[in-house]
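The chain contents come next:
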Amino acid sequence: MNADDVPIERRRPGAAAGGPISHAIFRLARAHKKLVGQLLREVGLHPGQEVLMMRLWESGPQRQTDLADEFDTDSASMTRTVQRLERAGYVRRVPDPDDRRATRVEPTPASLVLRSQVERIWADFERRTVGEMTPDEQREALRIVHQLEDNLTAHEPDPERSVSR
């Protein structure tokens, strides 16, 4: 197979020649986000909101600042996300009983219907993602993805190697 046989959307730009796996991950992440966005629109969510809801369903009420830290976002972005979910009736904000300055976010009873929809969407999304892969191929793919994640999170960024602006 030569370069002309590769579909245009999979061709690696010359500047990415040193990072074929990273470029493939970028394309995969973009396709993943696009499809999950389409599926989540069915229930009125945007990508990322369902993961926040999953966290609340599993762990119960959480301080909003802790959620911002966990999701590696700033407090203003988390506030906007929580406000959207609150307007939809899926969460409510309550004062933190241990710290009057803090707010806890908790799932509402209405979010339980959403939970079953999100679980259905994620199961459908998983089926689409793995396609015709065998169970062994799926386990190997998951092992490799975990290894890639571990590689990226193992070390703090090196300020000496950062690109100057």
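See the structure above.
Residues numbered from 1 in each chain as written. Predicted model: local features only at pLDDT ≥ 70, side-chain atom pairs only at ≥ 80, totals over all residues. Heavy atoms only, no water.

Enquirer: Break down the overall build of the protein for me, citing the residues and quoting the values.
Expert: Within the protein one finds six helices and three strands. Reading the secondary structure of the protein in the N-to-C direction produces α-α-β-α-α-β-β-α-α. Buried residues in the protein amount to 25% of all 165 residues. For the protein, restricting intrachain contacts to residue pairs at least 6 apart in sequence, the fraction spanning at least 24 positions comes to 47%. (Helix = DSSP H or I, 4+ residues; strand = E, 2+ residues; numbered from the N terminus. Buried < 20%, exposed > 50% of the residue type's maximum accessible area, 1.4 Å probe, protein only. Contact = heavy atoms within 4.5 Å.)

Enquirer: Which residues make up helix H5 (residues 111-130), and what values go with them?
Expert: Along its 20 residues, H5 runs 28 Å from first to last C-alpha, staying within 8% of the 28 Å computed at 1.5 Å per residue. Here H5 has its buried residues at Ser111, Leu114, Val118, Ile121, Asp124, Phe125 and Val130. Tucked inside the fold, the buried residues of H5 contact helix H1 (20-41), helix H2 (49-59), strand E3 (99-107) and helix H6 (135-153). Backbone geometry just after H5 places glycine 131 at a positive phi near 50°. (Expected span 1.5 Å × (residues − 1).)

Enquirer: So, unusual backbone geometry: which residues are in play, and what are the values?
Expert: Here the phi dihedral of aspartate 72 falls at roughly 50°; this positive angle occurs in a residue that is not glycine. Among the structural elements, aspartate 72 can be located in the loop between helix H3 (64-70) and helix H4 (75-87).

Enquirer: Residues and numbers for the pattern of salt bridges, please.
Expert: Evaluation of the coordinates by the stated rule reveals 14 salt bridges. With its nearest N and O atoms 2.4 Å apart, the salt bridge here joins arginine 92 to glutamate 106. Taken as a pair, arginine 92 in strand E2 (residues 91-96) and glutamate 106 in strand E3 lie far apart in primary sequence, 14 residues in all. You can call arginine 92 partly exposed: its relative accessible area is 37%. For the salt bridge of arginine 143 with glutamate 140, the shortest nitrogen-to-oxygen distance reads 2.7 Å. With arginine 143 and glutamate 140 both in helix H6, this residue pair falls three residues apart, about one helical turn. Accessibility expressed as a relative area gives 45% for arginine 143, which makes it partly exposed. Residue glutamate 140 is classed as partly exposed on the basis of its relative accessible area, which comes to 35%. (Salt bridge = Lys/Arg side-chain N within 4 Å of Asp/Glu carboxyl O.)

Enquirer: Outline H1, listing residues and values.
Expert: With 22 residues, H1 ought to run about 32 Å at 1.5 Å a step, and its terminal C-alpha atoms sit 32 Å apart, in line with that. Residues of H1 that are buried include every one of His23, Arg27, Val36, Gly37, Leu39 and Leu40, and no others. Residues of H1 that are buried in the fold lie against H2 and H5.

Enquirer: Got a sec to walk through the layout of surface pockets? Specific residues and values, please.
Expert: Of the voids in this model, the largest pocket is the one considered here, and its volume is about 950 Å³. Along its surface, the largest pocket is lined by 25 residues, and Leu28, His32, Thr129, Ala141 and Val145 are the ones closest to its centre. Elements that contribute at least two residues to the lining of the largest pocket include exactly H1, H5 and H6. Looking at the lining of the largest pocket element by element, the count peaks at 10 residues for H6. (1 Å grid on protein atoms, 1.4 Å probe; cavity = no way out; pocket = protein on both sides within 12 Å on 5 of 7 lines; lining within 4 Å. Points joined across faces, edges and corners; volume = space filled by probe spheres on them.)

Enquirer: Now, about the environment of arginine 120: what can you tell me, with residues and values included?
Expert: Inspection of the secondary structure assignment puts arginine 120 in helix H5. Given a relative accessible area of 44%, arginine 120 falls into the partly exposed group. Those residues in contact with arginine 120 that lie beyond four places of it in its chain are Glu42 and Val43.

Enquirer: So, the sheet that holds E2: which residues are in play, and what are the values?
Expert: One open sheet accounts for three strands, arranged E1-E3-E2; its pairing is antiparallel. What marks the edges here is a single partner per strand, and that holds for strand E1 (62-63) and E2. (Pairing = 2+ DSSP bridges.)

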